[in-house]
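Architecture and fold: a report
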Amino acid sequence: MLEAVLASGLVALSLAASVRLSMVSLSANQAIRNLDMASALAQDLGECWGVQTPLCLQQFDGASAFAPFANDAQNTWSRTWQVSDIAIPGAPPGSLKELRIKITSPEDGKTAELVWVKRQASTPTWVGL
Amino acid sequence: MKYQHGMATLMATSTLLLLTGMWGWLSFKSVMAETSRSQHQMFASQALSLSEALLETAIASTESFYAQNGASADALFWANARPQDCPSHQTSSQWQCLSLSLENLPLPDGIDSSKAQVKLLRDLRNAPHKVILMTDVSLNNSHPGTGSRATVQQALFIPVHAQGSTFNPKQWPEGIDPMRVQRVAGTWKNAGY
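In this section: the overall build of chain A. Assigned secondary structure in chain A consists of 2 helices and 4 strands. For chain A, the α and β elements follow one another from N to C terminus as α-α-β-β-β-β. Relative to a compact globule of 129 residues, whose C-alpha radius of gyration would be 14 Å, chain A shows 24 Å and is clearly more extended. Oriented by its inertia axes, the alpha-carbon framework of chain A measures out at about 90 × 30 × 30 Å. In chain A, which comprises 129 residues, the proportion classed as buried is 18%. Long-range contacts, defined as pairs at least 24 residues apart, comprise 43% of the intrachain contacts of chain A with a sequence gap of at least 6.

When you line up the elements, Ile-132 of chain B lands in strand 3 (residues 127–138). With residues up to four places along the chain from it excluded, the contact list for Ile-132 of chain B reads Leu-121, Arg-122, Gln-153 and Ala-155 of chain B.

Between chain A and chain B, the contact holds 39 residues from the first and 45 residues from the second. Looking at which element gives the most residues to the side of chain A that touches chain B, the answer is helix 1 (residues 2–51) of chain A, with 19 residues. Its residues assigned to classes, the side of chain A that touches chain B shows 22 nonpolar, 13 polar and 4 charged.

Turning to the sheet that holds strand 4 (residues 110–121) of chain A, a few remarks are in order. Residue and element names in this part refer to chain A. Here we have 4 strands laid out as an open sheet, ordered 1-2-3-4, and antiparallel in their pairing. Two strands close off the open sheet at either side, each with one partner strand: strand 1 (65–66) and strand 4. By the bridge criterion, 8 bridges tie strand 2 (residues 77–85) to strand 3 (residues 96–107) in an arrangement that is antiparallel. In the sheet register, Arg-79 faces strand 3, and the bridge partner there is Ile-103.

Take the pairing of strand 4 of chain A next. The sheet contact formed by strand 3 of chain A and strand 4 of chain A spans 12 bridges and is antiparallel. Within strand 4 of chain A, the residue paired with Leu-99 of chain A across the bridge is Lys-118 of chain A.

Turning to the confidence of the model for chain B, a few remarks are in order. Low pLDDT means the predicted atomic positions in that stretch should not be read closely. Residue and element names in this part refer to chain B. A residue-level look at chain B finds 86% of positions with pLDDT of 70 or above and a mean pLDDT of 84. The weakest mean pLDDT in chain B belongs to strand 5 (residues 182–192) at 74; the strongest belongs to strand 2 (residues 117–123) at 93. For this predicted complex, the interface score ipTM comes out at 0.82, alongside a pTM of 0.84.

So, on to the nonpolar core. Residue and element names in this part refer to chain B. By size, the foremost hydrophobic cluster in this structure holds 35 residues, and its most contacted members are Ala-47, Leu-54, Ala-58, Ile-59, Leu-133 and Leu-156. Where this core is concerned, the elements lending two or more residues are helix 1 (2–69), strand 1 (95–99), strand 2, strand 3 and strand 4 (149–157). For this core, the leading source of residues is helix 1, giving 12 residues. Here Leu-133 is in contact with Leu-55, Ala-58, Ile-59, Leu-120, Gln-153, Gln-154 and Leu-156, once residues within four sequence places are set aside.

Parameters and conventions
Residues numbered from 1 in each chain as written. Chains lettered and ligands numbered in written order. Predicted model: local features only at pLDDT ≥ 70, side-chain atom pairs only at ≥ 80, totals over all residues. Helix = DSSP H or I, 4+ residues; strand = E, 2+ residues; numbered from the N terminus. Rg over C-alpha atoms; globule rule 2.2 N^0.38 Å. Buried ≥ 20, exposed ≤ 12 C-beta atoms within 10 Å, placed from the backbone. Contact = placed C-beta atoms within 7 Å. Nonpolar A, V, L, I, M, F, W, Y, C, P; charged D, E, K, R; others polar. Pairing = 2+ DSSP bridges. pLDDT = per-residue confidence, 0-100. Core = buried A, V, L, I, M, F, W, Y, C linked by C-beta atoms within 7 Å.

And the structure:
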């Protein structure tokens, strides 16, 4: 009888540990997914700022709140950006611009924030030989 | 007999639990390793982005310096060039290397200024007009990815012979100011944690 009780206790303990482990794993997987998506969104917008094609410019017209995952429409994120001039001593205004992208996403009842910085000098690309 | 059977059950259960526990622990370690890999990859990307930001800042600063100082810009700019600043594979006397001072540069947030470097080098004998600009950046303590490092480089065209009798404006591409610093297409990037 004692052995059966001990065995049952061990099984119950392992089940509880297993459930806890699964929850932590699930949460970690979700964090990875969010991190990868936030990073990709920020880099995408940053690259787009550099090339300035019509398709890219559309991204800057979009709403800041959006749902990045089609299967999780209630999970809304926000993506905001700000372009500013960085002063270089002796250089005219607009010589160096900075794009600061901020992506916020809900995570475990809190808000995770990712900030991405991109700069672009107005120096042209050489088209000579 | 009953006691023996109970012991066997307990031992079998314990063995199974041990094995399951080990499997669970390994799975957990695997998930954590994947999380860590994903984070490191993002930190490396952020370091790369900041290294590019510093590169752009240095390009703008170099262009501004050449625009302000005209014909004397080249001599002034390279006045502090030292052989010690050259990479190990470019130590011969034909290479001119300069470590750019970061004091007057507006550094992007998140950079460890004590480890950041901007270096410029050129082959003085064969191509004095082509300068290779390299930046090396590490993330600082305020960033969760402290220590992530990235390097980038960009070649610049510097009009060192854009004046005098040897200068032929007809050979210059239309729409480009011959006195202006310009990028040469192609940038090499590297990032790591």
